[in-house]
Amino acid sequence: MSCASSVAAASSCRGVRVQHAAVRATRGGKAAVGPAARRCSGVGGGEMRFPRDRRGVVARATDSPHPEADVIFEQIRKLQEENEKLKQDLGDAAKAVLDKVTEELPLPEGKAAEAKKALSYLGGASSKDAYLGMTMPYFGDGELQADFSKYDKVDAARAKVASAEAAKGEHSSTSTGVEPRPPPEYTKTETPMSIVFVSSEVAPWSKTGGLADVCGSLPRELVKRGHRVMVVSPKYITGKAEDSLFEASFDTNSNTKVGCFGDSHEVGFYHQVKEGVDFVFVSHECFKRQGGLYGDSYGVYGDNQFRYTLLSHAACEAPLLINFGENLGTYGDEVVFVANDWHAGLVPLLVASKYRPWGTYKNARTVTTIHNILHQGAEPATTFGNLGVPDDWYSCLEYQYPEHMRAHELDLGLVVNILKGAIATSDRVLTVSQGYAKEICTPTGGCGLETMLEERRHRLDGVVNGIDMQEWNPTSDQHCAAGFDVSDLSGKLECKRALQKEMGLEVRDDVPLMGFIGRLDWQKGPDLIQAAISEMMNEDVQLIMLGSGLEELESFMQWAEGTYTDKFRGWVGFNVAMSHRITAGCDILLMPSRFEPCGLNQLYAMRYGTLPIAHATGGLKDTITRHNPYAQDDPAVAVAAAIASDREDGNREAADMGPGTGWLFNDMDKYSFMSCVSNACKLYHENPKMWRAMQIQAMSQDLSWYNAALKWEKVFEWAKIDPPHCSPKEHCHNNEWQ
């Protein structure tokens, strides 16, 4: 009733305004055409716009009204008559209802007249429409007011119940009834080992990517298993805030000289213990410079080969020289070296060529870990003499680029390839996912080393990375608006609303919010989002992108935000807090990487109940379970699938019965990508129970480093079982090898 009367009153007011404007326009046969005269209401409340004169121009006295004005005025008159009749009918009905209410009220004696007086306050019998659209007016005072207020209390109680039911409905949609999986139970290994990680970066002291996370988190989990673990990394002084983190380390007074690049170079060792791990930092002047770890604004440092040759030599000396005291002593020579990427790639070669022939490290094992085979540490062949490796080991490092990769016709393409030397001489080769281990054995993914890797395939393994469960914990993430877990996702909904509000998007629960976090470069595939942006914006979605990199892709983000103002937001740069908020608040995370050895963002996303859409490559294919449209939306099935997929010996049938944790597209084109986006949006809108089941499976997985540590431990044990890959023949001289 109130809405109808409001519409009627509004229509009436518009009619009056237009009528007055028309009177002004035709008074005296002369018209001064104003804005109100050019605009009048049509049937149904729409507006018809007359041609506008230029502002400030007065029409000539001979101008006549618009030919359609009479028709429009007649329509307005009819609307006014209909409005008056509607108001009369509504007023009669309202008065009848109020009279009935008054009669039914248990009024005390002598209060009936006061009640009638109260009704007359509404405007009297002659103005029954006066109350339309207004709130309940004054109904007497004292006992009479109390009697009327009983009916107000009933309405208030009903409204309160309705509000509670609505809240209960929202809670039921976010409450899953699934208990979070308990943290893993740490048990001690029966065969403890001494393990030495060698890495060019380690979190939190130095970090540019996932390598630092691996070397900062995995050793801690191995210590919990009972192993003794050392991490050797440079002591960088770059003029940044991270430099202060090295202040907690102390000089071991174990300086030594290593021979390379035609000279003897003195290096120092600084030691810091954190959560039982011995972090050893190699100190030398070459690691002290303003800029990044590997380069500055002018490009990659020209002496990187020297810097990381020095690191490898120092790492081989550290277990033998540094006395850690407290009856611990040195690590000795019966260790397992883990050489990460080409920066530490000389370690397996030095152990095999310089130490083992002389009886040192004869029981040691070396494992080369490939985090990204694109970076191989290749330098001109003439630099081989600088590496401090015996001359008869040149063939391990020798590499020749194919003709199409050479600089000119006279270029033979001969280089020393440090990663190749590591693969050739290490006891085992490890990558950060099984999918990536298979890819690097192909011409597409091997980057020229596929032949050697195929030959060593029987010693090639893949283990998916874990994540720091404390830093990435949706229950206690300080960067997010609210905490939540798999048992109740109401906090995730609050995070979504807060993120939409922060980024200036419309706050809507019914729209899938998508996110992208990563470098804006060829590998991460943001150009695929650029190619498909028009199709994506045709969907009922919102998209937030966070990253920096190529200038053209940064410009694309700025253009997209200006073009799709109500659906797209871009953040050029990187912000840790914002990456947490996007991970927690989004419904979907986009990862269209062309290749991804492992990937961490999809693991963070699934931890927070954000479902990934990714290219089926490398670690993305290993960690994301494709959506199964035929699965049940039962939370128990989702949890069982998550537990089964975590275990290598798990029930594969149970794992395959789950709803999945995301979507994968095989072809790197916008049509395959958009197919996944459309399917995900359709599921979000049409089947919320299945969506919730997918979130439950994603959040119920064991993504911890402890789970990954158990698999790394197996690789170390296999390396110890087998004899060294490179060892001297017992009956021959030291330079003769099996």
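For the structure, see preceding data.
Residues numbered from 1 in each chain as written. Predicted model: local features only at pLDDT ≥ 70, side-chain atom pairs only at ≥ 80, totals over all residues. Heavy atoms only, no water.

Before going further, it helps to spend a moment on the sheet that holds strand β22 (residues 611-615). Strand order in the open sheet formed by six strands is β20-β19-β18-β21-β22-β23, and the pairing between neighbours is parallel. The outermost strands of the open sheet, each flanked by one partner alone, are β20 (568-572) and β23 (663-665). Recorded for the sheet is a direction-independent mean angle of 15° between the axes of neighbouring strands. Each of β18 (513-517), β21 (588-591), β22 and β23 is contacted by helix α22 (residues 670-686), which is oriented at about 160° to β23, the strand it contacts most. (Pairing = 2+ DSSP bridges. Helix = DSSP H or I, 4+ residues; strand = E, 2+ residues; numbered from the N terminus. Axes fitted to C-alpha atoms, helices over the stretch in contact; angles between N-to-C directions. Contact = heavy atoms within 4.5 Å.)

Let us now look at the side chain of Ser233. You can see Ser233 is positioned in strand β4 (residues 228-234). Looking at Ser233, its side chain comes within polar contact range of the main-chain oxygen of Ser199, at 3.1 Å. Setting aside residues no more than four positions away along its own chain, Ser233 makes contact with Ser199, Ser200, Glu201, Val202, Ser206, Val280, Phe281, Val282 and Leu311. (Polar contact = N/O pair within 3.5 Å; in protein donor to acceptor, adjacent residues only side chain to side chain.)

Attention shifts here to the nonpolar core. Judged by nonpolar contacts, the single largest core of 65 residues is most densely connected at Val232, Ile370 and Leu453. When residues of this core are assigned to their parent elements, the largest contribution, eight residues, is made by helix α7 (residues 304-321). Setting aside chain neighbours within four positions, we find Val232 in contact with Val196, Phe197, Val198, Ser199, Val280, Val282, Leu311, Ala315 and Ala318. Membership of the second largest hydrophobic core comes to 55 residues, among which are Met606, Phe673, Val677 and Trp691. (Core = buried A, V, L, I, M, F, W, Y, C linked by side-chain atoms within 4.5 Å. Buried < 20%, exposed > 50% of the residue type's maximum accessible area, 1.4 Å probe, protein only.)

Pairing is antiparallel across the open sheet formed by three strands, whose spatial order is β13-β15-β14. If you trace the sheet from one side to the other, it starts and ends with β13 (378-380) and β14 (398-400), each paired once. Strand-to-strand twist across the sheet, computed as the mean angle between neighbouring axes with direction ignored, equals 45°.

In the contact formed by α22 and helix α23 (residues 688-699), the axes pass within 6 Å of each other and the chain directions differ by 115°. Taken as axis vectors, α22 and α23 run roughly perpendicular relative to one another. Note on element contacts: α23 touches α22 through Pro688, Met690, Trp691 and Met694, opposite Ala680, Leu683, Tyr684 and Glu686. A per-class count over the contact of α22 with α23 returns seven nonpolar, no polar and one charged. (Parallel < 35°, antiparallel > 145°, perpendicular 65-115°, else oblique. Nonpolar A, V, L, I, M, F, W, Y, C, P; charged D, E, K, R; others polar.)

The next point concerns the packing of helix α13 (residues 490-502) against helix α17 (residues 576-585). Packing of α13 against α17 brings their axes to within 8 Å, and their N-to-C directions diverge by 125°. Between α13 and α17, the interaxial angle falls into the category oblique. Remark: the crossing between α13 and α17 carries left-handed chirality. On α17, the residues touching Lys492, Cys495, Lys496, Leu499 and Glu502 of α13 are Met578, Arg581, Ile582, Thr583, Ala584 and Gly585. Per-class residue counts for the contact of α13 with α17 are five nonpolar, two polar and four charged. (Left-handed = near helix turned anticlockwise from the far one by under 90°.)

Alternating positions in strand β16 (residues 428-431) separate into two faces, Arg428 and Leu430 on one and Val429 and Thr431 on the other, with burial throughout. With four bridges joining them, strand β12 (residues 365-370) and β16 adopt parallel strand pairing. By the bridge assignment for β16, Val367 is matched with Arg428. Looking at chain direction, β16 and strand β17 (residues 460-462) are connected through three bridges and run parallel. From the neighbouring strand, Thr431 faces β17, where its bridge partner is Gly462.

Take the environment of Pro234 next. Along the chain, Pro234 turns up in strand β4. The buried category is assigned to Pro234, whose relative accessible area is 0%. Between the C-alpha atoms of Pro234 and Trp205, which are 29 residues apart in sequence, the distance is 9.6 Å. If sequence neighbours within four positions are ignored, Pro234 has contacts with Ser199, Ser200, Phe246, Phe281, Val282, Phe287, Tyr308 and Leu311.

Before going further, it helps to examine the pattern of salt bridges. Applying the stated criterion across every chain yields a total of 23 salt bridges. Between Arg459 and Asp722 there is a salt bridge, with the nearest N and O atoms lying 3.5 Å from each other. Separated by 263 residues along the polypeptide, Arg459 in the loop between α12 (450-455) and β17 and Asp722 in the segment after α24 (705-721) bring together distant segments of the chain. Relative accessible area serves as the criterion here: at 23%, Arg459 is assigned to the partly exposed category. In the salt-bridge network here, residues are joined through shared partners; they are Arg428, Arg459, Asp461 and Asp722. (Salt bridge = Lys/Arg side-chain N within 4 Å of Asp/Glu carboxyl O.)

Applying the stated criterion across every chain yields a total of 25 aromatic pairs. A centroid spacing of 5.1 Å and a plane angle of 85° characterise the contact between Phe261 and Phe306, whose relative ring orientation is edge-to-face. Here the residue Phe261 occupies a position in the loop between β6 (256-260) and β7 (263-274), and Phe306 occupies one in helix α7, the gap between them amounting to 45 residues. For Phe261, a relative accessible area of 26% gives the class partly exposed. Classification of Phe306 by relative accessible area gives buried; the value is 13%. Relative to Tyr401, the ring of Tyr399 has its centre 5.4 Å away and its plane inclined at 85°; by these criteria the two rings are edge-to-face. Arg228 extends its terminal NZ or CZ atom over the ring of Tyr331, reaching a point 4.1 Å from the ring centre. Taking the ring centre of Tyr270 as reference, the NZ or CZ of Lys235 above it sits at 3.6 Å. (Phe/Tyr/Trp six-rings, centres within 6.5 Å; stacked < 30°, edge-to-face > 60°. Lys NZ or Arg CZ within 6 Å of the ring centre and 35° of its normal.)

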